[in-house]
Amino acid sequence: MTLLKHDQKPEAAGRRIAVLSVHTSPLAAPGGRETGGMNVYVRELSRELGARGYTVDVYTRRASAQAPETQPIGPNARVINIAAGPAEMIEKDAIAAHLPEFEDRVSAFAAREGLAYDIVHSHYWMSGAVGAPLADRWGARHVAMFHTLGEVKNRARITEHETALRIDAERAIAASADAIVVASEHERQLLASLYGVDSGRVSVVPCGVDLDLFTPMDKEVARRRLRLRDGERIILFVGRIEPLKGIDVLIGAAAQLHDDENFRVLIVGGDSRTAAEVAQLRSLAARLGVDHHIAFVGAVAHEDLPLYYNAADVCVVPSYYESFGMVAVESMACGTPVVASRVGGLASTVRDGETGYLISWRCPEPFAERLELLLGNDELRASFGRAAREAVERFRWANVADAVSSLYARLLEGPAACVNAIPADLRRTPL
Ligand code: UDP
């Protein structure tokens with residue numbers, strides 16, 4: 001009998017997983033325009049799978065000349081930086097043109113190291129577009145996770161214009177992958193209704209939260225460490241600064257709060273690439289006369305975020321769409337109630353009237369009304385906060401890794417569900 005180390009699982013032994021995260025590295029700091037939940041997800045899941053005994057290689061596009069070819073991220077897990085296009089940050093849309101080169105270089109790297117993989121796990125459509133042919137080449141099963149879907153973004157907000165190219169690629173990936181992982185039941189339904197995907201191939205695995213990092217602490221201590229003013233109510237937003245996040249709705253809601261209210265809205269997230277978006281939001285705040293209540297904090301290191309969640313009285317997630325919404329779960333893990341849009345995964349993570357409030361309309365008034373209610377009632381906030389921490393205990397990363405690991409085991413037991421048939425023109429034409 002082989003003795004397995006503490007966390008190791010028999011189904012993982014000798015199994016190699018190629019994780020594809022083409023457009024953004026799991027090591028990139030979240031909170032930029034294009035770095036957020038997916039980066040955290042890929043990093044945490046890869047670490048957990050590595051600890052279980054899988055060998056995990058995460059392939060990403062090299063976005064800095066200083067990035068070494070390989071970087072360890074945990075036991076049995078490493079990031080491999082693949083040169084495809086300029087070694088610098090480039091627009092996400094521009095990355096699509098380098099996908100064929102990326103695919104070839106990944107294949108060459110694996111051949112050079114004599115690697116073959118059992119599973120290719122791709123994240124976001126660009127990774128799916130190269131994941132399908134790579135899985136074919138290695139005789140591996142292809143597991144796709146979209147994180148966001150073009151059709152859904154386009155429908156969620158009129159200003160979003162996801163290209164037909166992306167949507168066609170998503171359709172091809174969805175039709176060909178052996179399995180698709182989604183973070184909520186709602187996303188499974190969307191894949192069925194908008195992409196015609198047979199739900200039997202779709203596994204619902206909610207995202208995770210680090211319950212040791214995101215944990216309740218003394219609010220006053222957190223506030224002092226952040227040098228926040230005594231007695232001020234804190235309303236928190238955390239996330240990528242992009243239109244889909246609905247920060248305009250939050251600013252509109254702030255403008256509806258009583259002017260004599262002593263409150264501050266902290267907006268965490270953003271980098272040099274989001275300056276234009278921030279400028280627009282600032283001018284909206286100025287037009288509405290609430291700029292003195294709003295502070296743009298910029299991106300905060302993931303490890304420092306617990307201070308912000310703990311310092312806050314309430315966290316607002318006013319997104320037009322959210323496939324899962326890790327921020328809401330992190331806030332609840334710190335015992336801070338959430339006021340969120342009733343969209344996507346948020347509708348199943350936030351319990352309306354128990355751990356926060358869900359708002360069915362993407363307009364400021366109902367958000368303001370719920371904020372007034374919570375900010376004015378210390379007891380209510382405290383009881384929501386306690387319930388919130390309890391409600392998110394089930395979202396630990398170990399549970400995510402267990403679910404993904406059993407999916408891998410199921411796929412590797414049986415025959416491939418279907419042939420990975422991404423049309424050749426989609427694979428080879430610069431997208
Ligand atoms: N985040 C962070 N620092 C920031 C802003 C965001 O670490 O300044 C992290 C946040 O803790 C969460 C992730 O980025 O883990 C955002 O995930 P979410 O699912 O809420 O949104 P997504 O980016 O997937 O749209």
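Each chain has its residues counted from 1, following the order in which its sequence is written. With pLDDT at 70 or above as the cut-off, local features in this predicted model cover only qualifying residues; side-chain atom pairs require 80 or more to be listed or tallied, and sums for whole chains, interfaces and linings still use all residues. The basis for every side-chain value is the complete set of non-hydrogen atoms in the structure, without hydrogens or water.

K.L.:
So, the sheet that holds strand β12 (residues 314-317): which residues are in play, and what are the values?
P.N.:
For two strands to pair, DSSP has to find at least two bridges joining them. By the criteria applied, helices consist of DSSP H or I runs no shorter than four residues and strands consist of E runs no shorter than two, each listed in order from the N terminus. Read from one edge of the open sheet, 6 strands run β11-β10-β9-β12-β13-β14, paired in parallel fashion. Single-partner strands in this sheet number two, and they are β11 (294-298) and β14 (356-359). Adjacent strand axes in the sheet meet at a mean angle of 20 degrees, parallel and antiparallel pairs treated alike. Bridging between strand β10 (residues 263-268) and β11 involves 4 bridges; their strand directions are parallel. Bridging from a neighbouring strand, I267 pairs with F296 of β11. Contact definition: two residues touch when any of their heavy atoms are within 4.5 Å. Interaxial angle, 0 to 180 degrees, is taken between N-to-C directions of lines fitted to C-alpha atoms, where a helix line uses only the stretch in contact. In the packing of helix α9 (residues 247-256) onto the sheet, contacts are made with β9 (233-238), β10, β11 and β12, and the angle to β10 comes to roughly 170 degrees.

K.L.:
Could you give an account of the sheet that holds strand β5 (residues 119-123), naming the residues involved and the relevant values?
P.N.:
Read across the open sheet, the 8 strands follow the order β3-β4-β2-β1-β5-β6-β7-β8; overall the sheet is mixed. Of all the strands in the sheet, the pair left with one neighbour each is β3 (70-74) and β8 (202-204). Adjacent strand axes in the sheet meet at a mean angle of 25 degrees, parallel and antiparallel pairs treated alike. The sheet contact formed by strand β1 (residues 16-20) and β5 spans 4 bridges and is parallel. By the bridge assignment, V19 is partnered in β5 with H121.

K.L.:
So what's going on with the site of the ligand? Residues and values would help.
P.N.:
Nearness of a residue to a molecule or strand requires only that one of the residue's heavy atoms be within 4 Å of it. Close contacts around the ligand come from 19 residues, with G37, R240, K245, V300 and E330 the closest. Here an oxygen atom of the ligand and a backbone polar atom of G37 are 2.7 Å apart. With residues, only the protein chains shown are counted as cover, and all accessible areas are computed by Shrake-Rupley using a 1.4 Å probe. Protein contacts shield 93% of the accessible area of the ligand, which totals 540 Å² for the unbound molecule. For the shell around the ligand, the secondary structure elements donating two or more residues are α1 (37-51) and α12 (326-333). Distance and chemistry together define a polar contact, namely a pair of N or O atoms within 3.5 Å, with one atom able to donate a hydrogen and the other to accept it when in protein, and with adjacent residues in sequence counting only for side-chain atoms on both sides.

K.L.:
So what about the pattern of salt bridges? Which residues, and what values?
P.N.:
Salt bridges are identified by distance alone: a Lys or Arg side-chain nitrogen within 4 Å of an Asp or Glu carboxyl oxygen. Scanning all chains against the criterion turns up 36 salt bridges. Two residues, R137 and E103, come together in a salt bridge whose shortest N-O distance is 2.9 Å. Separated by 34 residues along the polypeptide, R137 in helix α4 (residues 124-138) and E103 in helix α3 (residues 99-113) bring together distant segments of the chain. Residues joined by salt bridges that share partners form a network here, namely K153, E162, R166, E170, R240 and E242.

K.L.:
Tell me what's going on with unusual backbone geometry, and back it up with residues and numbers.
P.N.:
In terms of backbone geometry, most residues other than glycine have negative phi values and most peptide bonds are trans. Positive phi outside glycine occurs at N76, with the angle close to 60 degrees. Relative to the elements of secondary structure, N76 occurs in the loop between β3 and β4 (77-82). With a phi close to 70 degrees, H147 is a non-glycine residue in the positive phi region. Note on placement: H147 falls in the loop between β6 (141-145) and α5 (150-156).

K.L.:
How would you sum up helix α16 (residues 397-413)? Please name residues and give values.
P.N.:
Multiplying 1.5 Å by the residue count of a helix minus one yields the expected span of that helix. Here α16 is 17 residues long and its end C-alpha atoms lie 24 Å apart, about the 24 Å a rise of 1.5 Å per residue gives. A simple rule labels every residue: compare its accessible area, found with a 1.4 Å probe on the protein chains alone, to the largest value its type can have, and call it buried under 20%, exposed over 50%, or partly exposed in between. Of the positions making up α16, those classed as buried are W397, V400, A401, V404, S405, L407, Y408, L411 and L412. Across the axial projection of α16, the buried residues extend over an arc of 160 degrees, all falling on one side. Those residues of α16 that are exposed and aimed more than 90 degrees away from the buried face are R410 and E413. The directions considered for the arc are those from the helix axis to the C-beta atoms.

K.L.:
Run through the packing of aromatic side chains, naming residues and quoting values.
P.N.:
In this scheme Phe, Tyr and Trp rings, the latter by its six-membered ring, pair at centre separations within 6.5 Å, and the angle between planes marks the pair as stacked below 30 degrees, edge-to-face above 60, and tilted otherwise. The full count for this structure, using the stated rule, is 9 aromatic pairs. Considering the side-chain rings of Y59 and Y117, the 6.1 Å spacing of their centres and the 85 degrees angle between planes classify their relative orientation as edge-to-face. Within this pair, whereas Y59 is found in strand β2 (residues 55-61), its partner Y117 is found in the loop between α3 and β5, the two being separated by 58 residues in sequence. Since its relative accessible area comes to 3%, Y117 is described here as buried. Both rings, one in Y124 and one in W125, keep their centres 6.4 Å apart while their planes meet at 45 degrees; by these two values the pair is tilted. Relative accessible area serves as the criterion here: at 5%, Y124 is assigned to the buried category. Site record: aromatic cluster; members linked through ring pairs are Y59, F109, Y117 and W138.

K.L.:
Tell me what's going on with the packing of α9 against helix α14 (residues 364-375), and back it up with residues and numbers.
P.N.:
Axis angle and axis distance: for two packed helices, these are the angle between their axes and the distance between the axes, and together they describe the pair. Their axes nearest at 8 Å, the elements α9 and α14 cross at an angle of 60 degrees. Classed by the angle they form, the pair α9 and α14 counts as oblique. Crossing of α9 over α14 shows right-handed handedness. For the pair formed by α9 and α14, the contact residues are V249, G252, A253 and Q256 on the first element and P364, E365, F367, A368, L371 and E372 on the second. Here the contact of α9 with α14 is built from residues that sort into 6 nonpolar, 2 polar and 2 charged. Should an angle fall under 35 degrees it is taken as roughly parallel, and over 145 as roughly antiparallel, whereas 65 to 115 is taken as roughly perpendicular and any remaining angle as oblique. In a left-handed crossing the near helix is turned counterclockwise from the far helix by less than a right angle, and in a right-handed crossing that turn is clockwise. In this count, Pro and Cys sit with the nonpolar residues alongside Ala, Val, Leu, Ile, Met, Phe, Trp and Tyr, while Asp, Glu, Lys and Arg are called charged and the others, Gly among them, polar.

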